[in-house]
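Coordinates in review
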Amino acid sequence: MRDPVVAYVGLGANLGDAQRALRDALAALSALPGARLLHASGIYRSAPVDAGGPDYFNAVAQVETVSSAPELLRQLQAIEQAAGRERPYRNAPRTLDLDLLLYGGARIDSARLTVPHPRLRERAFVLLPLRELAPALVSDAELAAVAGQRIAPLPPTSSPG
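Described in the following lines is the structure provided in the data block. (Residues numbered from 1 in each chain as written. Predicted model: local features only at pLDDT ≥ 70, side-chain atom pairs only at ≥ 80, totals over all residues. Heavy atoms only, no water.)

**A short note on the environment of Gly 34**
Here Gly 34 lies in the loop between helix H1 (18–30) and strand E2 (35–40). Separated by 33 residues in sequence, Gly 34 and Ser 67 have C-alpha atoms that sit 6.7 Å apart. Apart from residues no more than four positions distant in its own chain, Gly 34 is found in contact with Glu 64, Thr 65 and Val 66. (Helix = DSSP H or I, 4+ residues; strand = E, 2+ residues; numbered from the N terminus. Contact = heavy atoms within 4.5 Å.)

Here it is as structure tokens:
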């Protein structure tokens, strides 16, 4: 068995009961074989970036896993499918989006997977919840660069915990 790796997963949804979709996705992450949900950020409401549709609800989860990065991606996509995810076009509104943001210190650039996530540093809806969980991974300069993107944390009673 491989050594556990700490991975960060971005969660987003803007169709249906998006907050419930995030809570359900966190429960599904915690139930993955060989994985343990360590922490989840609060939930943030953000305007779509490079997309249309209603506002998104976003969070980041810190997961410890013994799965390889490609296997973890496959598991994330299975959770999306179970939540009714469809991919009619790039950046379409979605019932659930799970992105593998970071996988330990790995750098992966394959046809199926790029880690760190290629747009990680361009999106406030990833950087703010990631900084909540791992302040050392997000610099003040990176936050300043996305300061123009509309995003707000929801009250703590709405967060997944």
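**So, H1**
For H1, spanning 13 residues, the distance from its first C-alpha to its last is 19 Å, which sits close to the expected 18 Å at 1.5 Å a residue. The complete set of buried residues in H1 reads Ala 18, Ala 21, Leu 22, Ala 25, Leu 26 and Leu 29. Burial along H1 is one-sided: seen end-on, the buried residues are contained in an arc of 140 degrees. (Expected span 1.5 Å × (residues − 1). Buried < 20%, exposed > 50% of the residue type's maximum accessible area, 1.4 Å probe, protein only. Arc of directions from axis to C-beta.)

**Notes on the environment of Glu 132**
Mapping Glu 132 onto the fold places it in helix H3 (residues 124–133). Along the chain, Glu 132 and Thr 95 lie 37 residues apart, while their C-alpha atoms are 24 Å from each other. At 2.7 Å, the side chain of Glu 132 forms a polar contact with the backbone nitrogen of Gly 42. (Polar contact = N/O pair within 3.5 Å; in protein donor to acceptor, adjacent residues only side chain to side chain.)

**Considerations on the nonpolar core**
Formed by 30 residues in total, the largest nonpolar core has its most connected members in Leu 11, Leu 29, Leu 98 and Leu 100. For this core, the secondary-structure elements that each account for two or more residues are strand E1 (5–13), H1, E2, strand E4 (56–65), helix H2 (69–82) and strand E5 (97–103). For this core, the element with the most residues is H1, which contributes 6 residues. Other than its neighbours up to four places away in sequence, Leu 11 contacts Leu 22, Ala 25, Leu 26, Leu 29, Phe 57, Asn 58, Ala 59, Val 60, Ala 61, Asp 97 and Leu 98. The next biggest cluster of nonpolar side chains, apart from the first, holds 16 residues, and it includes Tyr 8, Val 60, Val 138 and Ile 151. (Core = buried A, V, L, I, M, F, W, Y, C linked by side-chain atoms within 4.5 Å.)

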